[in-house]
Amino acid sequence: MSAAVWLGLADDDPFGVENLPYCAFGQDRFRWTGVRIGDRILNLAAAEGRGLIEAGGAFLGQPTLSRFMAAGRPVWTRVRERLAELLSAARYRESVEPLLVPVADVRLALPFEVADYVDFYSSLEHATNLGKLFRPDGEPLLPNWRHLPVGYHGRAGTVVVSGTEVPRPCGQRRAGDFGPSARLDIEAEVGFVVGVPSQGAVAVDDFREHVFGAVLVNDWSARDLQAWEYQPLGPFLGKSFRTSISPWVVPLDALDAARVPGPPQEPGVLPYLAAGEHYGYDIGLEVSWNGTLVSRPPFGGMYWTPAQQLAHMTVNGAWTRTGDLYASGTVSGPQIEQTGSFIERTWNGARPVLLDDGTTRSFLLDGDTVAISATAPGPGGSRIGFGEVIGTIGCESAGDRRSP
Ligand SMILES: O=C(O)/C=C/C(=O)CC(=O)CC(=O)O
Ligand SMILES: [Ca+2]
Ligand SMILES: [Mg+2]
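Parameters at a glance
- Residues numbered from 1 in each chain as written.
- Chains lettered and ligands numbered in written order.
- Predicted model: local features only at pLDDT ≥ 70, side-chain atom pairs only at ≥ 80, totals over all residues.
- Heavy atoms only, no water.
- UniProt positions renumbered as here; feature names shortened; annotations may be inferred.
- Near = heavy atom within 4 Å.
- Polar contact = N/O pair within 3.5 Å; in protein donor to acceptor, adjacent residues only side chain to side chain.
- Areas by Shrake-Rupley, 256 points an atom, 1.4 Å probe, with all protein chains shown as cover.
- Pairing = 2+ DSSP bridges.
- Helix = DSSP H or I, 4+ residues; strand = E, 2+ residues; numbered from the N terminus.
- Expected span 1.5 Å × (residues − 1).
- Buried < 20%, exposed > 50% of the residue type's maximum accessible area, 1.4 Å probe, protein only.
- Arc of directions from axis to C-beta.

Naming follows an unreviewed UniProt entry, where the chain appears as fumarylacetoacetase of Dactylosporangium matsuzakiense. Recorded in UniProt under Pathway (unreviewed entry), the annotation for the chain is "Amino-acid degradation; L-phenylalanine degradation; acetoacetate and fumarate from L-phenylalanine: step 6/6."

### Concerning the site of ligand 1
Around ligand 1 sit 16 residues, and of these Tyr121, Glu189, Gln226, Lys239 and Thr330 come closest. The backbone of Phe120 places a nitrogen or oxygen atom 3.4 Å from an oxygen atom of ligand 1. Here an oxygen atom of ligand 1 and a side-chain polar atom of Lys239 are 2.7 Å apart. In the complex, the protein chains occlude 94% of the 370 Å² of accessible area that ligand 1 would expose alone.

### Observations concerning the pairing of strand E10 (residues 170-174)
In terms of strand pairing, E10 meets strand E11 (residues 177-180) through four bridges, oriented antiparallel. Bridging across to E11, Gln172 finds its partner in Phe178. Adjacent in sequence and paired antiparallel, E10 and E11 are bridged by two residues, among which Gly176 carries a positive phi angle near 70°.

### Focus: helix H3 (residues 73-86)
Its 14 residues place the ends of H3 20 Å apart at the C-alpha level, agreeing with the 20 Å of an ideal helix rising 1.5 Å per residue. For H3, every residue scored as buried is listed here: Arg73, Val75, Trp76, Val79, Arg80, Leu83, Ala84 and Leu86. Down the axis of H3, the buried side of the element spans an arc of 160°, and every buried residue falls inside it. Exposed side chains of H3 directed beyond 90 degrees from the buried face belong to Pro74 and Glu81.

Structure, rendered in structure tokens:
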């Protein structure tokens, strides 16, 4: 099915009817859920209110997607099929067109209430690179890495939507040395969003029953704070100040054509991590620094898959809630131009990148803007767009300046 001619979409529009990513938009009391088609958003509350969609309850007329995400796969499928129909058949033009608003005219909000936030470490190349940079005297890959998807629990309350300014964090940079981070970095990641909660282990093959969709993540990282604080418990203040996500939640169903076999895992995994079908997603990321494309991280090569990550996250009996966000870990490929962080891209500052304006960078300066975007193959040669997650570095806030 392709989008109706009246929408005027090109065949390769990354927001065609094969995609239909969800969002929340508007402000304060005037906040709605929506679905993107081309460069417009269909207001889902209005569509439901006019009887165009039967979601079977008050799932869509909410300020965020959380209630809809909790409704489960049968409702997700029914709504998605109906939206494809509404946005394809010419007979719906008259009722649908007045409910469309240009993306450029609205303020996009955090699409769901972030419950818990977990960050994995699932790129073999990234883990190897960071091992070399952080622990030059040891084996880059720690002994557990190939046995389980290593991760840590992050800070859900500081997850912000794309476009939100990111203040430069202050903290301890070394013993007795407090001040603004001088080594502020990014991490380009793909995040998976839990819709249906669980109270016990989620089997690796039940991934699709629980996960609603995917977003882009920038896990901003202050490398000087991180290097000083992280042993033995892992990242803490070096990453908790902000994490940015894209405003569009791409439904898992839109990524079916992007499924690719997961990489061979050696040694073999324990039974709880062994999937009937071991697959990842061929999502191509792009990282721009002040408008200069500096990297193309390939998500398709990630060692641990999102299904394995969810199974691992719950195997101890930990519950999940609607809105839990778990990020893949920095996406890095084997080439330097495929790395998802600047500490790798510039090899700890030893090889600064040249930007189009003639300046060079190692780490982020105040006023710098980073945009991470992505696309994936869709059905029948179509493209699935993730849009972008963008953030600009502000100065540290005055309060943070009061060093102890
Ligand atoms: O190797 C380390 O000590 C640190 C690694 C990271 O900072 C990466 C992290 O947050 C997980 C990831 O994004 O892959
Ligand atoms: Ca990370
Ligand atoms: Mg973070």
